[in-house]
Structure formats: C-alpha cells, structure tokens
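# Inside the fold
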Amino acid sequence: MDIEDYHQNMKQIKLICEDLPFPILIVDSGEHCIFINHHFTNVIKYSLDDIPILQTWNSIALLEQNSDIKAFKHSQKYKPPHNKLKILKIRCKDQRIRNFIIQNVEIFKEFTIFFFIDPALLLEIEMKTSLTEAYLHKMIEEFPLPIVLTDKEDVVEYINPAFSKMFGYTQEDIKSNDDWGRLAYPDPAYFEKIRNQREYLDLNNARIRERLVNCKDGSKKYIINQDIFIDNKRELTISLDITKLRRIEEAKKQQDILFEQMIENAQDIIVLLTLEGIIISINPACNNILQYSQKEMIGKNSNDFVSEKHRNFTDQQALAKIQGKKKKTRYSVDMIRKDGSICNMEVSSNIIYKDNQPHRIQAILRDVTELRKISAESHRNERVESISLLAGGIAHDFNNILSAILGNINLLQIESDEQEKIEIINDLENATLQARNLTQQLLSFSKGGTPIKNVSSLEDLVVKSAHFVLRGTNIQSEINLCENLPQISFDEGQIYQVLNNILINAIQAMENGGMITLSTERVTIDKNNYFPIPEGEYALIKIKDMGIGISPEEQKRIFDPYFTTKATGSGLGLTSCYSIIKNHNGYLTFESELNRGTTFFIYLPIVLV
C-alpha cells in the first residue's frame, strides 16, 4: 500500500471507529497497538500508552484461564459471526473483571480492528436494530476503500461511494457479478480465468487476489481484493488500489533489465568483489579482454589476474577504501591474460555500504593497452619531429662540407703518385663515404628524406632484401606472400633500407641461429583500430624472429633517436625506419617478449594508380 494512501485511509477509519458505541482497538501487522477509541478508555480504562503492543495487553488484561487475544484472533479469522463466539474475561485498569465478546476484522494484513461487545448490552442492541444498522451503514458509507456486498446468487446488494469513485461504476451498472465481470474484465480469456479461480475459493479462508480492472473511463487499475464472508448468504469484498505500486515495480523492472543489458553489453569489465577481493560477479567483457570466461573468474581472488609487481599496490588501494581513507580510487595496473600476455587496465573502484558498514567493492576495468600505445606513439612523434628538424639542418650542412672534402680527396688521388700518400687518401675517402652514409640516414630521419615514389612490386622487394641480408648467415627464412596484393607506390630505395635494417637487427638478436618469417597481407584499417593512420586498405609486411626479444624498458625507447643497445651503433637505424614509413603515410610498430622473439609490422597504404 502506498504510504500516503495508508495514512489517509487510517485517518478515515479512526474517525469512523471513534463514533461507534463500543470499545475498539486497532493493531498493525507488527502487533503494535496504534489506536483505541474513547469508549475503550471509558469502559476498559486503559490508554494507548498502557498497551503499546498486543503482548502487553495479553499479559496485563487477560486472565490466565482465558486464551489470549492473539490466539483468538487467528482461530476466528474469516469465520462467520453466527459461529459461537467465545466470551473472554477482561481485567480493566480499575481491576474490575468484565466479560466481552471480541470480534476482529483483518484488512489486507496491514492492520486488525478488534470490537469489544458487552454481552449484557446485546439485548439492548437487538432492540435498537435500526440504530445499529445506522452505525454500520455509516461505517461502510465512509469507509475509504471500495466495498461491494453480494448475496449467494451473486446479486450485488450494495456498493459504497468509494467503489464508484475508484472504478466509475454505479450499482445500476453492476447488478450482478457477471455484469461486473463483463465490464471490469473485457478480455474473455482473462474473465474466464477469474471465474475458474472463484470456483475453488475456500469460504472459511478467503485469500487476497490481484486483478487488473478496466474502469468506466477506460483506464486500468491494478487492485487486490479480499473477501469477508458475513454468513452463508452474503459476501463482503474490499478492494485496494495498487496501480501506483505495480507501475513503480514495472518501471523498476524495466530499469533493471536495461541496466542488466547495459552491464552485459559493456565493453569495459564490471566486477563485484567481497572485501577480501573474491570475485562475486563479472560481466562477459572479461572474455574479450582477459580471455577468461565468467565461470573461470567467479570465486577467484582478483589478484590472481593481476601481475605480481602490482599485487601489493592493489591490496593497498582496497584497504584505503575499506578504512575510509579514500571513497574512490583510480589507478592503472598490468593484468595477465589467459595466454600469458600482459594488458594494461585502468581501474575505477569504490566501496558499497550496507548498514553504514563497508560491504562490497565495485570496480570498472578499462583496457587501455592500445590507448597507452597511442599515447606513447604521440610522444614519440613529438620527439622525432623536434629532433628531425635539427637533424635535417645538420645533415644538409654536413653533406655540403663532405662534398667539398670528397672533391679535394679525388683531386689528390689524381695528382699523387706516392703509394703511401695514396693509401692515406683512400682511407680518407672511405671515412668520408661512411660519413656520407650517416648523413643519408639523418636525411631519411628528417623531412629532407622525402620519398621519391614509383609503382612497384612490394613482394619482389621483400624477397630481394631477405636473400641479400641473409646470404651467408646461419639464419633460415620462411617467406609467405599474399596472392592478391597489388603493386603500390613507394620509394624502393627507402623501403629496401627499412627491410635491411630490421632484418639485420633480427640476425643480431639470434646469435645461435634460428628462423626469420617474412609475410605480406592485405588488411583494412577501420575506425575500430587504434592505429595513428587513416582508415583504408594497407599492405602489411610482418618480420618475425626467434631472438632474445626486447625488454619492456627498452620497448618504450626503441624508436627514439640515438638510442641503441649496441656498443658501436649510432641509434639512428630504427629511427630512420620509423621516419621513412611515416613519410610514406604508413605505420611501423612491433610486439616483443623476452626470450620469445620480436615481430615488426610495416603498414604501407595501397594507393592504386
């Protein structure tokens, strides 16, 4: 029952009971006494403060040889009043012992009304039948809930004003239960279902029944009905409107369904944990991100899926929330996928309270592995751009100086005839040529190395580079070429330089030999990819080795200018590769694990000409 309706109904019922000429006591569903009328105080002498609960009343007012009111209440519920009623001896507050017939009416299990009738007054009441009927009529007329009275032939004898106000029908509209059924339940199947239910009603134990009623104005109301059988001839039905309650329940149900669907379809992992970190529930996103099913994760400790280096940190974050030091926490951790690979997760979590005490931990985990790569790529681009400007200027100036030096060396070679001088000059020439090669790398790294593109076969270049670099080494190769890869536009010299650099690094990573796999594919980059290149068709070259791999610390700097792990390296090899591919509007990236090898991915746009 709506709380506002409950209070309004109780107010009207109390007003009616106050005018009735005999003691009345009302208790709620928790057996708390909530009302007594003035006749109760005048005759039995107790006030409401004297009897806060029914058990108190039993202990102070009922004599030991009598059954208590609570037992009497349940034994007499719904039984016709013509049954022999038990007379109870009541000890009044002034210690007088008086006999009362006690009759009770229970309304929707919300409250029970007890009527105390003095047997000595029964004769007087019978002699004043008209007066009694007037009181009863007044009570029913002013009762705030709809009431309908029918006889055993289902003829409607009476409906109160509250009934007409709620449903819109008058007694002229519903002269029988069949009339009511056709108006209130226009759906024949629903009406037949109700008729069948009525055939099995227990007259001595009528149950509350819910109905969906069609009102006279066309609106629909959810109601619950309760029957009170007056005798074997008449039936009193009281109705309660629960439309608001059902609509709230339906709206909540729809919200729950939508919320459940939102969680089920979420791209992020949503998880509920005990305070000890045990997973209670988790949505299907765990399968897409961590490769574990929900069944595999529920019941496990969340730290089982966190990398070992971050487990103490996550425990500290949980403890801070439980102790109230932090309401919410947000941090990043590395988690372990089912295949053993690592993914970076951004975790937002908070405490769920119950009875003002920490009860559960709720967390949302977002896979930011690719976003971290994009962020690192952006920072790398900024570093490369700034250094490339400097490198380009230096390279052009240095190249001009080298050209002058090389020209003079060539003149000395022509004019000199002494063998010792010629050898020195040749050494100078070789050193100058090496310096010029370094300058060319700087130019490739800078914007001064703008590619000169021609349409050519990428597969032929891959095969040519592999055969050239791997010849005479202890490295085996496997080449898998795409059948439908068209010829594309690229700078053959620069791409050849990229392939050679990566292959040389792969050879150096496998000192004891191994296998290098080269393959080409035709791929589509769409909006769901995190790559920093436009959507479209791309040629992909993959170069995979079985070497020592690259440590996580070195992976962050692998494309940085002048960063190298080699004692004699310049640190411009992979940086130049990165710039060359970028100047082709492509993308160069890699994946690597220590002692499991490295794979480089070269994306070049397919521009058909």
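Residues numbered from 1 in each chain as written. Predicted model: local features only at pLDDT ≥ 70, side-chain atom pairs only at ≥ 80, totals over all residues. Heavy atoms only, no water.

## Quick notes on the pairing of strand S2 (residues 33-36)
Summarising the sheet, strand S1 (residues 24-28) and S2 pair through 3 bridges and their orientation is antiparallel. Within S2, the residue paired with valine 27 across the bridge is cysteine 33. (Pairing = 2+ DSSP bridges. Helix = DSSP H or I, 4+ residues; strand = E, 2+ residues; numbered from the N terminus.)

## A look at the side chain of arginine 211
Turning to its location among the elements, arginine 211 is positioned in strand S8 (residues 209-214). A residue is classified by how much of its surface remains accessible, and arginine 211, at 5% relative accessible area, is buried. (Buried < 20%, exposed > 50% of the residue type's maximum accessible area, 1.4 Å probe, protein only.)

## Some points on the pattern of salt bridges
By the definition in use, this model includes 14 salt bridges. Measuring nitrogen to oxygen at the nearest pair gives 3.0 Å for the salt bridge that ties lysine 216 to aspartate 173. Residue lysine 216 is found in the loop between S8 and strand S9 (220-229), and its partner aspartate 173 is found in the loop between helix H7 (161-167) and helix H8 (177-184); the two are separated by 43 residues along the sequence. Judged by relative accessible area, which is 48%, lysine 216 ranks as partly exposed. Residue arginine 182 is joined to aspartate 179 by a salt bridge in which the shortest nitrogen-to-oxygen separation is 2.8 Å. Here aspartate 179 and arginine 182 lie together in helix H8, a separation of 3 residues that amounts to about one turn. In this structure, a network of salt bridges that share partners links the residues Glu210, Arg246 and Glu249. (Salt bridge = Lys/Arg side-chain N within 4 Å of Asp/Glu carboxyl O.)

## Focus: the sheet that holds strand S10 (residues 234-241)
As summarised here, the arrangement of the 5 strands in space is S7-S6-S10-S9-S8, forming an open sheet in which the pairing is antiparallel. A single partner strand is all that each edge strand has here, and the edge strands are strand S7 (156-159) and S8. Recorded for the sheet is a direction-independent mean angle of 30° between the axes of neighbouring strands. The strands touched by helix H10 (residues 243-265) are S8, S9 and S10; relative to S9, the strand with the most contacts, the crossing angle is about 130°. (Axes fitted to C-alpha atoms, helices over the stretch in contact; angles between N-to-C directions. Contact = heavy atoms within 4.5 Å.)

## Describing the packing of helix H16 (residues 458-470) against helix H17 (residues 492-508)
Packed helix pairs are specified by the crossing angle of their axes together with the interaxial distance, meaning the distance between the axes. Put simply, H16 and H17 touch, their axes get as near as 9 Å, and they point 40° apart. Between H16 and H17, the angle falls in the class oblique. Once H16 is placed against H17, the crossing between them reads as right-handed. Contacts from Leu458, Leu461, Val462, Lys464, Ser465, Ala466, Phe468, Val469 and Leu470 in H16 reach Glu492, Ile495, Tyr496, Leu499, Asn500, Leu503, Ile504 and Ile507 in H17. Grouping the constituent residues of the contact of H16 with H17 by class yields 13 nonpolar, 2 polar and 2 charged. (Parallel < 35°, antiparallel > 145°, perpendicular 65-115°, else oblique. Left-handed = near helix turned anticlockwise from the far one by under 90°. Nonpolar A, V, L, I, M, F, W, Y, C, P; charged D, E, K, R; others polar.)

## What about the confidence of the model for the protein?
Of all residues in the protein, 75% attain a pLDDT of 70 or more, and the chain-wide mean is 79. Note on residues 70-84: pLDDT under 50 across the span, and 28 contacts to partners over four residues away in sequence or across chains. Counting contacts from residues 567-571, a segment whose pLDDT is below 50, to residues more than four positions away or on other chains yields 9 contacts. (pLDDT = per-residue confidence, 0-100.)

## Re the environment of arginine 209
Within the secondary structure, arginine 209 sits in strand S8. Classification of arginine 209 as buried rests on a relative accessible area of 6%. Here the alpha-carbon distance between arginine 209 and glutamine 226, two residues 17 residues apart in the chain, equals 6.7 Å.

## Points about the nonpolar core
Counting 39 residues, the largest nonpolar core has Leu458, Ile495, Ile516, Ile543, Leu588 and Ile602 as the members making the most contacts within it. Not counting residues within four places of it along the chain, the set of residues in contact with leucine 458 comprises Leu485, Ile488, Phe490, Ile495, Ala539, Ile541 and Leu604. With 25 residues, the next largest nonpolar core counts Ile16, Ile24, Phe143 and Ile147 among its residues. (Core = buried A, V, L, I, M, F, W, Y, C linked by side-chain atoms within 4.5 Å.)

## Some points on the environment of serine 59
Its location among the elements puts serine 59 in helix H3 (residues 54-61). Side-chain polar atoms of serine 59 contact the backbone oxygen of threonine 56, separated by 2.8 Å. (Polar contact = N/O pair within 3.5 Å; in protein donor to acceptor, adjacent residues only side chain to side chain.)

## A word on the packing of aromatic side chains
Summed over the entire model, instances satisfying the criterion amount to 18 aromatic pairs. When the ring of phenylalanine 40 is compared with that of tryptophan 57, the centres are 5.6 Å apart and the planes differ by 50°; the resulting orientation is tilted. Here tryptophan 57 lies in helix H3 and phenylalanine 40 lies in helix H2 (residues 38-43), a separation of 17 residues in the sequence. A residue is classified by how much of its surface remains accessible, and phenylalanine 40, at 0% relative accessible area, is buried. Tryptophan 57 gets classed as buried once you look at its relative accessible area, which sits at 0%. Where phenylalanine 167 meets tryptophan 180, the ring centres are 5.4 Å apart and the plane angle is 70°; that geometry is what we call edge-to-face. Linking phenylalanine 167 in helix H7 with tryptophan 180 in helix H8, this pair joins segments that are 13 residues apart in sequence. Looking at phenylalanine 167, the relative accessible area reads 1%, which means it is buried. Judged by relative accessible area, which is 13%, tryptophan 180 ranks as buried. Here the aromatic cluster, defined as three or more aromatic residues joined through ring pairs, consists of Phe163, Phe167, Tyr169, Trp180, Tyr185, Tyr190 and Phe191. (Phe/Tyr/Trp six-rings, centres within 6.5 Å; stacked < 30°, edge-to-face > 60°.)

## Remarks on the sheet that holds strand S12 (residues 279-282)
Read from one edge to the other, the open sheet built from 5 strands follows the order S12-S11-S15-S14-S13, with strand pairing classed as antiparallel. Edge positions in the sheet fall to S12 and strand S13 (328-336), since each has one partner strand and no second. Across this sheet, the average inter-strand angle for adjacent strands is 30°, counted without regard to direction. Two elements, strand S14 (residues 342-354) and strand S15 (residues 357-367), share 10 bridges in a ladder whose sense is antiparallel. By the bridge assignment for S15, glutamate 346 is matched with arginine 366. Relative to the sheet, helix H13 (residues 311-322) contacts S13, S14 and S15, its axis offset from that of S13 by approximately 155°.

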